[in-house]
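Listed below, chain by chain, are the residues.
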Amino acid sequence: YGVIILRIGEYSPQLKTIYSEAGCPCGVVITAFNPLGQSRDTATNLAAQLRLGEHLRALSPMVIEAEGADPTGTWHSRNQSSIATGGNTASASGN
């Protein structure tokens, strides 16, 4: 899919295409890195992200690996994220 930049509150035609291709009207962008804004070491973050990815792949017809970054530079570390499509993905975030 190449680079897709998502911003809170902004419509993304690229994300709409992904949802359409997956046959789903919605999805989630989620990370297991630094839960609740509390810094964790890289190994802990990566292990948590791997577990989340396994869980998402069991629930979702399409999971795309992503990367999160703070455009203001306030949060200096980049994190791994996932975009998962489908209605069952809400349970991945605890909702």
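Note that this is a predicted model, so its numbers are computed, not measured.

Quick notes on the rules
- Residues numbered from 1 in each chain as written.
- Predicted model: local features only at pLDDT ≥ 70, side-chain atom pairs only at ≥ 80, totals over all residues.
- Heavy atoms only, no water.
- Salt bridge = Lys/Arg side-chain N within 4 Å of Asp/Glu carboxyl O.
- Core = buried A, V, L, I, M, F, W, Y, C linked by side-chain atoms within 4.5 Å.
- Buried < 20%, exposed > 50% of the residue type's maximum accessible area, 1.4 Å probe, protein only.
- Helix = DSSP H or I, 4+ residues; strand = E, 2+ residues; numbered from the N terminus.
- Contact = heavy atoms within 4.5 Å.
- Expected span 1.5 Å × (residues − 1).
- Arc of directions from axis to C-beta.
- Pairing = 2+ DSSP bridges.
- Axes fitted to C-alpha atoms, helices over the stretch in contact; angles between N-to-C directions.
- pLDDT = per-residue confidence, 0-100.

**Concerning the pattern of salt bridges**
- One pass over the structure, following the stated rule, counts one salt bridge.
- When the shortest N-O distance is used, the salt bridge between Arg57 and Glu65 registers 3.6 Å.

**A look at the nonpolar core**
- Counting residues in hydrophobic clusters, the biggest one holds eight residues: Leu15, Ile18, Tyr19, Ala22, Cys24, Met62, Ile64 and Ile83.
- Considering every element that reaches this core, the biggest residue donor is helix α1 (residues 13–22), with four residues.
- When sequence neighbours within four positions are dropped, the list of residues in contact with Tyr19 reads Cys24, Pro25, Cys26, Gly27, Val28 and Thr85.
- Core analysis: the second largest hydrophobic core is formed by seven residues, Val28, Ile30, Ala32 and Leu56 among them.

**Description of helix α2 (residues 42–59)**
- With 18 residues, α2 should cover 26 Å at 1.5 Å per step; its first-to-last C-alpha distance of 26 Å lies within 8% of that length.
- Residues of α2 that are buried: Asn45, Ala48, Gln49, Leu52, Gly53 and Leu56. Each buried residue of α2 sits inside an arc of 145° when the element is viewed along its axis, so together they form one side. Opposite the buried face of α2, by more than 90 degrees, sit the exposed residues Ala43, Leu50, Arg51, Glu54 and Ala58.

**Let's talk about the environment of Lys16**
- Checked against the element boundaries, Lys16 lands in helix α1.
- For Lys16, a relative accessible area of 45% translates into the label partly exposed.

**Structural notes on the sheet that holds strand β2 (residues 63–68)**
- Spatial ordering of the open sheet is given by β1-β3-β2, a layout of three strands whose pairing is antiparallel. In this open sheet, the two edge strands, each paired with only one partner strand, are β1 (27–30) and β2. In this sheet, neighbouring strand axes are inclined to one another by 20° on average, regardless of whether the strands run parallel or antiparallel.
- Direction of pairing for β2 relative to strand β3 (residues 79–85): antiparallel, over a ladder of six bridges. Residue pairing in the sheet places Gly68 in a bridge with Asn79 of β3.
- Along the sheet, α1 makes contact with β1, β2 and β3, crossing β3 at roughly 50°.

**Observations regarding the confidence of the model for the protein chain**
- Chain-level pLDDT for the protein chain is 84 on average; 87% of the residues reach the 70-or-more range.
- Per-element averaging of pLDDT across the protein chain places β3 at the bottom with 85 and α2 at the top with 93.

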